Amino acid sequence: MSRKSAKRRKRLIVGGVVAAVVAGGITFAVVNQRGGDAPADGGGGGGEAAAEEGIEPSERGFLEPPVLAERVASGELPPIDERIPPEPFVVGPGTYLEAEYLDWEDGRYGGEISVSALGASGFVNITGTTVLRSPGQTTEVSAPNVLSAFEHNDDYTVFTMTLREGIKWSDGEPLTTEDIRFTMEDIYGNPEANRPAPSWLYTQGSPAKGLGQIDVQDDYTFTMTFSESYGQFVADLNSWIPAYSELIKPAHYLKQFHADYADADELAALVEENARNDWQTLLEYKDVSHWDSGEPRAVGLPVLNPWVIVESGENLSVFERNPYFWHVDGSGHQLPYVDKVVVNRVIDGDARTNAILAGQVSLATGGETSLNNMSIYTQNAERSGLRVFTTGSFNNPLQLFLNRDFEWTVEGSQWQVLMNDPESRFHHAIASAIDGDAINTAVYFGLFGDVDPAWRTYNPDEANALLDEIGMAAGADGMRTYPDGSPFVLPITYAAESADQNPVAELLRSQLAEVGINVQLDTVDPTLWGQRKDSNQIMASIHWNDGQGWASGISEDYLPNHKGPWATDQWAYFSSNGEKGRELTPEMQEFFDLHVARKAVPPESAEGVQRWEALETWMREHYAFIPITGLRVHPTVADARLQNLPNEGSPVELDVYIGSAGLWFSE
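None of these values were measured; they are calculated from a predicted model.

Engineer: I'm lost on unusual backbone geometry in this one. Help?
Structural biologist: Glycine aside, negative phi is the norm for most residues, and most peptide bonds take the trans geometry. Of note, the bond from Leu335 into Pro336 is cis; its omega dihedral lies within 30 degrees of zero at 0°. For Pro336, the position within the fold is in the loop between β14 (327–329) and β15 (340–345). Even without a glycine there, the phi angle at Ala275 is positive, about 55°. For Asn577, which is not glycine, the phi dihedral falls at a positive 60°. Turning to its location among the elements, Asn577 is positioned in the loop between α17 (568–575) and α18 (586–597). Judged by relative accessible area, which is 46%, Asn577 ranks as partly exposed.

Engineer: Help me out: how do you make sense of the sheet that holds strand β12 (residues 307–312) in this one?
Structural biologist: What links the strands of a sheet is backbone hydrogen bonding, and the strands pair in either a parallel or an antiparallel sense. With mixed pairing, the 4 strands of this open sheet are ordered in space as β5-β15-β13-β12. Looking along the sheet, the strands with just one partner apiece sit at the ends: β5 (112–117) and β12. Put simply, the sheet's adjacent strands are angled 20° from each other on average, direction ignored. Note: β12 against strand β13 (residues 316–321), 5 bridges, orientation antiparallel. Bridge assignment links Ser312 to a residue of β13, and that residue is Ser317.

Engineer: I would appreciate a short explanation of the nonpolar core in the present structure.
Structural biologist: The tendency in soluble globular proteins is for nonpolar side chains to be buried as a group. Residues Met224, Phe233, Leu247 and Ile248 are the most contacted members of the largest nonpolar core, which totals 90 residues. With 5 residues, helix α4 (residues 177–188) is the largest single contributor of residues to this core. Residues within four places of Ile248 in sequence aside, it is in contact with Val131, Val146, Leu163, Trp169, Leu175, Asp179, Ile180 and Thr183. Counting 54 residues, the second-largest nonpolar core is a separate cluster that includes Met472, Ile492, Val504 and Trp544.

Engineer: Looking at this model, I keep getting lost on the packing of aromatic side chains. Mind explaining?
Structural biologist: For any pair of aromatic rings, geometry is given as the distance between the ring centres together with the angle between the planes. This structure, assessed with the given rule, holds 33 aromatic pairs. Ring geometry for Trp566 against Phe591: centres 5.2 Å apart, planes inclined by 85°, an arrangement best described as edge-to-face. Taken as a pair, Trp566 in the loop between β21 (540–543) and α17 and Phe591 in helix α18 lie far apart in primary sequence, 25 residues in all. Site record: aromatic cluster; members linked through ring pairs are Phe401, Trp455, Trp550, Tyr558, Trp566, Trp571, Phe574, Phe591, Phe592, Trp612, Trp618 and Phe625. A cation over a ring is seen here: Arg276 above Tyr285, with NZ or CZ 4.0 Å from the ring centre. One residue, Arg387, lies across the ring of Phe389, its end atom 4.1 Å from the ring centre.

Engineer: How do you make sense of helix α15 (residues 501–513) when you look at a structure like this?
Structural biologist: Given 3.6 residues per helical turn, the α-helix brings residues three or four places apart onto the same face. The terminal C-alpha atoms of α15, which comprises 13 residues, lie 18 Å apart, in line with the 18 Å expected from a rise of 1.5 Å per residue. Among all positions of α15, only Gln501, Val504, Ala505, Leu508, Gln511 and Leu512 are buried. An end-on view of α15 places all buried positions within 130° of arc, on one side of the element. In this structure, the buried residues of α15 make contact with α12 (425–433), α13 (436–444), β19 (490–494), β20 (519–523) and β21.

Engineer: Sorry, what's going on with the pairing of β15 here?
Structural biologist: Along any regular strand the residues' side chains alternate between the sheet's two faces. Note: β5 against β15, 6 bridges, orientation parallel. Within the sheet, the bridge partner assigned to Ala117 lies in β15 and is Arg345. Examined bridge by bridge, β13 and β15 share 5 bridges and lie antiparallel to one another. Paired with Val318 across the bridge in β15 is Val342.

Engineer: What am I meant to see in the environment of Pro651 here?
Structural biologist: Along the chain, Pro651 turns up in the loop between β24 (642–643) and α20 (655–658). For the pair Pro651 and Phe394, spaced 257 residues apart in sequence, the C-alpha to C-alpha distance is 7.9 Å. Apart from residues lying up to four places away in sequence, Pro651 is in contact with Tyr101, Gly392 and Ser393.

Conventions used here
Each chain carries its own residue numbering, running from 1 in the written order of its sequence. Reporting of local features is limited, given that this is a predicted model, to residues whose pLDDT is at least 70; pairs of side-chain atoms are given and counted only at 80 or more, and all residues count toward the totals for whole chains, interfaces and linings. Side-chain descriptors were evaluated using all non-hydrogen atoms of the structure, hydrogens and water having been removed beforehand. Put simply, DSSP marks the helices as runs of H or I at least four residues long and the strands as runs of E at least two long, and each gets a number from the N terminus on. Each residue is assigned to one of three classes by its accessible area relative to the maximum for its type, calculated with a 1.4 Å probe on protein chains only: buried under 20%, partly exposed between the two thresholds, exposed over 50%. Think of it this way: DSSP has to see at least two bridges between two strands before they count as a pair. Every axis in this analysis is a line fitted to C-alpha atoms, fitted for helices over the stretch in contact. Angles between the N-to-C directions lie between 0 and 180 degrees. The term nonpolar core refers to a set of buried residues drawn from Ala, Val, Leu, Ile, Met, Phe, Trp, Tyr and Cys, joined through side-chain atoms within 4.5 Å. We call two residues in contact when some of their heavy atoms are within 4.5 Å. In this analysis, rings of Phe, Tyr and Trp, with Trp reduced to its six-membered ring, are considered paired at centre separations within 6.5 Å, and the interplanar angle assigns stacked below 30 degrees, edge-to-face beyond 60, and tilted for intermediate values. In this scheme, Lys NZ or Arg CZ marks a charge over a ring once it lies within 6 Å of the ring centre and within 35 degrees of the ring normal. Given the number of residues in a helix, its expected span is that number minus one, multiplied by 1.5 Å. It is the directions from the helix axis to the C-beta atoms whose arc is reported.

Structure below.
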């Protein structure tokens with residue numbers, strides 16, 4: 001939307017309510033997503049839900065969560081009318097997930113979601129509130145969320161945003177533009193803080209093009225200005241991957257760890273108390289990303305999320321409802337419906353499966369469940385009081401990654417000979433040697449379907465011909481050599497983080513041996529795998545990636561070192577603006593040019609779709625990664641009483657968690 005006329009009448013979505021905005025004034029209460037009228041004061045509906053739960057509606061029509069009533073009565077918390085902003089975000093059908101995939105029903109308060117996880121965070125780490133909100137994994141319909149208003153100029157260089165007045169952090173402190181100014185200027189913009197900004201806050205995601213510049217108008221309105229057109233920024237504001245916490249940080253809390261604001265002696269004491277080296281590492285330690293929201297160091301950090309961590313120990317993390325969360329339903333409930341989330345930590349996947357079958361887990365999906373266990377889930381569902389259903393997945397299935405930067409500093413490296421072939425014949429041969437249908441049948445019960453032929457087809461004869469053509473001759477044992485005649489071994493290094501990785505790796509080894517490729521499997525600890533990946537010590541690997549989020553711009557982990565490594569040091573060069581890594585080859589320069597060019601426009605605009613298709617074509621033709629099977633099907637296991645879960649066959653399993661503020665327990 002253009003800002004050419006401040007008085008021009010505009011229509012934008014404000015928290016699930018269509019609002020007319022005229023010269024900066026908001027006419028609230030036009031039509032909500034149920035098709036009825038929303039309360040003119042931004043309040044709730046009360047009514048039937050209140051009668052069912054025995055809760056007296058407040059003056060504004062809201063229903064006080066019973067679990068908070070005692071704290072309100074004692075004066076520890078203000079009443080609900082004072083905690084909910086004048087214009088809350090109204091949730092209903094089509095808000096968290098497209099209506100065709102979720103049969104929304106206003107819920108009731110109470111209950112506890114139990115999660116079983118290998119790490120400290122569990123699912124709460126992806127319920128991070130987004131600045132804008134689109135239903136599901138799309139960015140086409142961008143409703144202000146943390147914001148009350150959002151607009152941009154015609155060339156996507158200037159974005160004007162207004163915070164939703166009255167939102168408070170989970171500790172009750174007001175959210176203001178000081179939180180954004182502090183983030184952009186005192187953390188990212190202060191060299192002494194040693195905290196570079198995340199890539200999406202640079203123009204077109206490129207450090208070479210400069211960090212977005214913030215201009216604060218008042219306590220609630222600010223602009224972000226970029227040096228070139230940056231329509232992708234709209235998608236980034238919708239994405240739960242950065243969420244709000246990379247742009248908006250609680251200044252009132254973090255200033256105590258920043259040398260520009262804290263008393264020097266008090267700050268030195270905090271550095272020592274937290275076993276940090278200096279104030280910079282202390283600030284980084286205390287500024288916890290939503291990915292690590294279950295860690296002990298996150299206790300005390302104010303958040304904008306539905307739940308806030310109150311306890312974190314060796315065995316569990318406990319999250320309680322955020323009394324100041326500003327999402328409400330049409331019946332007057334303050335979301336989330338569920339009062340508490342408990343993340344119980346287990347030692348391995350088998351222990352997690354046992355916990356699910358014992359009825360100790362309320363909700364499990366994503367990396368917490370496996371299609372290999374589907375028969376076990378369904379056989380025990382009734383006994384354990386579970387509902388089991390399948391959806392699509394945000395993640396692509398396992399991919400094979402060949403790292404074109406491995407050994408790039410080694411003079412005469414034969415691996416580099418293969419990687420630098422302008423026709424990518426080695427990549428093509430490996431892709432042609434993989435029988436995805438056989439892997440799908442053996443590991444995934446035939447549910448993953450066929451690989452898109454635009455990416456690759458199974459043709460072992462072609463694989464053999466290509467390997468012969470590039471001089472990889474077969475020895476007496478049938479195994480091929482490098483073009484110079486030296487022995488060739490392809491180590492596939494991976495961390496067995498999911499149940500399918502070992503069987504898929506074994507099948508790959510067997511299938512590639514059929515065309516003379518000697519594969520050695522190297523299974524390592526996830527931490528070690530990550531260290532080797534980042535230090536360019538992996539020749540080949542298998543891992544999944546977030547394919548379903550790429551076209552919408554929500555995810556960018558097609559990048560060369562974000563999941564499996566396929567150009568580790570050239571990514572380092574690009575992301576450091578040439579200060580580290582390997583200078584870009586011409587083909588990788590083309591890749592990054594396409595990657596940056598798509599960011600000029602919103603990804604799901606007509607032009608954005610064309611630019612994404614150009615980038616995707618490059619990745620197919622240059623074998624950025626090699627798909628092993630067709631698209632993934634994923635199981636979700638949930639307490640049978642949980643409502644507002646996605647329907648069977650909905651596109652993405654992670655919508656279960658991203659919309660979890662709307663989950664509620666029936667009686």
